[in-house]
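Below, each chain spelled out in residue letters.
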Amino acid sequence: MSDEELYARSKLGEAYALSQLYDRYGSRVAAIARRFVSDRQGVEEIVQDVFMRIWTTSAYNPDRGLFSHWICVVARRIAIDHARKRGSRVEMVGYERDQGADAAVGLELAFDGRLLRTDLIRAMSDLRLEERIVLNLAYFEGKTLSEIAQDLNVPLGTVKTRLHTGLKHMRLRLADWRPEVQG
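Just so you know, these numbers come straight off a predicted model, no measurement behind them. (Residues numbered from 1 in each chain as written. Predicted model: local features only at pLDDT ≥ 70, side-chain atom pairs only at ≥ 80, totals over all residues. Heavy atoms only, no water.)

Brief notes about the nonpolar core
The criterion, for reference: Only buried residues count toward a nonpolar core. Its members are Ala, Val, Leu, Ile, Met, Phe, Trp, Tyr and Cys residues joined through side-chain atoms within 4.5 Å. Burial here depends on accessible area, computed with a 1.4 Å probe over protein chains only, as a share of the maximum for the residue type. Under 20% is buried, over 50% is exposed, and the range in between is partly exposed. Secondary structure elements follow DSSP: runs of H or I no shorter than four residues count as helices, runs of E no shorter than two count as strands, and numbering proceeds from the N terminus. Contact between two residues is taken to exist if any of their heavy atoms lie within 4.5 Å; hydrogens are not considered.
Within the largest apolar cluster, 27 residues are counted, with the highest numbers of intra-cluster contacts made by L21, V50, F51, I54, F67, W70 and I71. Elements with a minimum of two residues in this core: α1 (3–11), α2 (15–34), α3 (40–56) and α4 (67–85). Excluding residues within four positions of it along the chain, V50 makes contact with V29, I71, V74, A75 and I78. L127, L135, A149 and V159 belong to the second largest nonpolar core, which has 13 residues in total.

Here it is in structure tokens:
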């Protein structure tokens, strides 16, 4: 069953569907959480919050993109909120591998991560400075668009335009990283 079908079934109250999504994405959500909090309890709370959000809301729209991308965005936002509620500055903490993680998968993910990081740095350096600053503040420092507008002393609409244009350019430059959609 596809992610989209499982999500739709979870909206009908089928716990099995949510369980399948957890099996598919639980470790990925935990990895995202570990970028923002370093303690195990915090990571577990974030994972629980992400899957509760999936269970209780109908925010995902298959016409707007892949479920795998959407759940990562949700996880990142919840992790940032969690870190802020704790009163800590939103910073990415070091990567810590789980003791039970399969070594081959870990090495493959680490290799892919390095390649992606290199491509991201290249793509970011090709952006106009204004776009790069807004993307940096939004995605790496976890600031809201209003906070960015205030920090840069520019109108909110300008921030939105720079973010939109920057993301559009990044999508074009990182097209090789997008999974093929079968249809």
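From this point, things continue past the structure.
Quick notes on unusual backbone geometry
Phi is positive for N153, which is not a glycine, with a value near 55°. Position of N153 among the secondary structure elements: in the loop between α7 (145–152) and α8 (156–173). The exposure class of N153 is exposed, given its relative accessible area of 69%.

Quick word on the packing of α1 against α3
To keep things clear, this is the line we draw: Note on geometry: axes are lines fitted to C-alpha atoms, helical ones only across the stretch in contact, with angles between N-to-C directions running from 0 to 180 degrees. Roughly parallel refers to an angle under 35 degrees, roughly antiparallel to one over 145, roughly perpendicular to one between 65 and 115, and oblique to any angle outside these ranges.
The interhelical angle for the contact between α1 and α3, taken along N-to-C directions, is 70°, at an axis separation of 8 Å. Considering the angle they form, α1 stands roughly perpendicular to α3. In this structure, α1 contributes Y7, S10 and K11 to the contact, and α3 contributes I54, W55 and T56.

Comments concerning helix α6 (residues 129–140)
Filter applied, for reference: Take the number of residues in a helix, subtract one, and multiply by 1.5 Å to get its expected span.
Over its 12 residues, α6 runs 15 Å from end to end, which matches the ideal 16 Å to within 8%, given 1.5 Å per residue. G142 lies just past α6 and shows a positive phi near 70°.

Quick look at the confidence of the model for the protein chain
Filter applied, for reference: pLDDT: the predictor's confidence for each residue, scored from 0 to 100.
Overall, the prediction assigns the protein chain a mean pLDDT of 77, with 78% of residues at 70 or greater. In this model, residues 89–112 is a region of pLDDT below 50 whose contacts with residues beyond four sequence positions or in other chains number 22 contacts.

Here's the deal with the packing of aromatic side chains
Threshold: Centres within 6.5 Å make a pair out of two Phe, Tyr or Trp rings, where for Trp the six-membered ring is used; the pair is then stacked when the planes are under 30 degrees apart, edge-to-face when over 60, and tilted otherwise.
Inspection of the entire model under this criterion finds 8 aromatic pairs. When the ring of Y7 is compared with that of W70, the centres are 5.7 Å apart and the planes differ by 70°; the resulting orientation is edge-to-face. Of the two residues, Y7 is situated in helix α1 and W70 in helix α4; the sequence distance between them amounts to 63 residues. Comparing Y7 with W70 shows no difference in burial state: the two are buried.

Some points on the side chain of S10
By the secondary structure assignment, S10 is in helix α1. Leaving out residues up to four positions away in the same chain, S10 has contacts with A17, L18, I54 and W55.

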